[in-house]
Amino acid sequence: MTWILIAALTLGSLALKACGPLLAGGRTPPAALQRVITLLTPALITSLVVTGTLTHGQHLTLDARLAGLTAGLIALAVRAPLVVALIAAVATTAGIRLIA
């Protein structure tokens, strides 16, 4: 049953992606819509990260993942390379889980 669901979702996703170019017919969207589309990706990724970090089921949780996310954000705020921020986030999360 799981594989049938995965196949159905895959086909549905492909169909939706094909509808865009077919319906647009080579036309470019208006400037206002392009600005909204540009802002959607960072907003969606941020919401997924925050939801995955701060929730467990339908409950709010504050654990080592939040500290790791904070360490990564601080590293990015001081203009550290992305790899360094990622390592800081992972090390912080692992360190807190090790001592907790």
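Above this text is the structure in question.
So, here is what we can say about the structure in this document.

What counts, and where the lines are drawn
- Throughout this description, residue numbers start from 1 for each chain and increase along the sequence as written.
- Where totals are concerned, whole chains, interfaces and linings use all residues; where local detail is concerned, this predicted model gives features only for residues with pLDDT of at least 70, and gives and counts side-chain atom pairs only at 80 or more.
- Hydrogens and water are ignored here; the side-chain numbers use all heavy atoms of the structure.
- Between N-to-C directions, angles cover 0 to 180 degrees, with each direction set by a line fitted to C-alpha atoms, over the stretch in contact for helices.
- The secondary structure listing takes helices from DSSP runs of H or I that are at least 4 residues long and strands from runs of E that are at least 2 residues long, numbered from the N terminus.
- By definition in this entry, angles of less than 35 degrees are roughly parallel, angles greater than 145 are roughly antiparallel, angles of 65 to 115 are roughly perpendicular, and the rest are oblique.
- In this scheme the crossing of two helices becomes right-handed for a clockwise turn of the near helix relative to the far one and left-handed for an anticlockwise turn of less than a right angle.
- The contact rule is simple, with two residues in contact once any of their heavy atoms fall within 4.5 Å.
- Each residue is assigned to one of three groups, with Ala, Val, Leu, Ile, Met, Phe, Trp, Tyr, Cys and Pro labelled nonpolar, Asp, Glu, Lys and Arg labelled charged, and all others, Gly among them, labelled polar.
- Summary of the burial criterion: residues with accessible area below 20% of their type's maximum are buried, those above 50% are exposed, and those between are partly exposed, where the area comes from a 1.4 Å probe applied to protein chains only.
- To estimate the expected span of a helix, count its residues, drop one, and scale the result by 1.5 Å.
- Note that the arc is defined by the directions from the helix axis to the C-beta atoms.

Moving on to the packing of helix 3 (residues 64-77) against helix 4 (residues 82-99). Where helix 3 meets helix 4, the axes come as close as 7 Å, and the angle between the chain directions of the two elements is 155°. Taken as axis vectors, helix 3 and helix 4 run roughly antiparallel relative to one another. In this structure, helix 3 crosses over helix 4, and the sense of that crossing is right-handed. In this structure, helix 3 uses Ala64, Arg65, Ala67, Gly68, Ala71, Gly72, Ala75 and Leu76 to contact helix 4, whose residues at the interface are Leu82, Ala85, Ala88, Ala89, Thr92, Thr93, Ile96 and Arg97. Grouping the constituent residues of the contact of helix 3 with helix 4 by class yields ten nonpolar, four polar and two charged.

Glancing now at the side chain of Thr93. For Thr93, the position within the fold is in helix 4. Leave out the neighbours within four places in its chain, and Thr93 touches Ala64, Arg65 and Gly68.

Let's shift gears to the packing of helix 2 (residues 31-54) against helix 3. Running from N to C, helix 2 and helix 3 point in directions that differ by 145°, and their axes come no closer than 8 Å. On helix 3, the residues that touch Val49, Gly52, Thr53 and Leu54 of helix 2 are Arg65, Leu66 and Leu69. Residue composition of the contact of helix 2 with helix 3, by class: four nonpolar, two polar and one charged.

This part covers the environment of Ile99. On the secondary structure map, Ile99 appears in helix 4. Residue classification places Ile99 among the exposed residues on the basis of a relative accessible area of 73%. Separated by 91 residues in the primary sequence, Ile99 and Ala8 place their C-alpha atoms 44 Å from one another.

As a further point, take helix 4. Relative to the 26 Å expected for 18 residues at 1.5 Å per residue, helix 4 spans 26 Å between its end C-alpha atoms, a close match to the ideal helical length. When helix 4 is considered as a whole, its buried residues turn out to be Ala85, Ala89 and Thr93. Projected down its long axis, helix 4 shows its buried positions confined to an angular sector of 65°, all on one face. The exposed residues of helix 4 that point more than 90 degrees off its buried face are Val83, Ile87, Val90, Leu98 and Ile99. Packed against the buried residues of helix 4 are helix 3.

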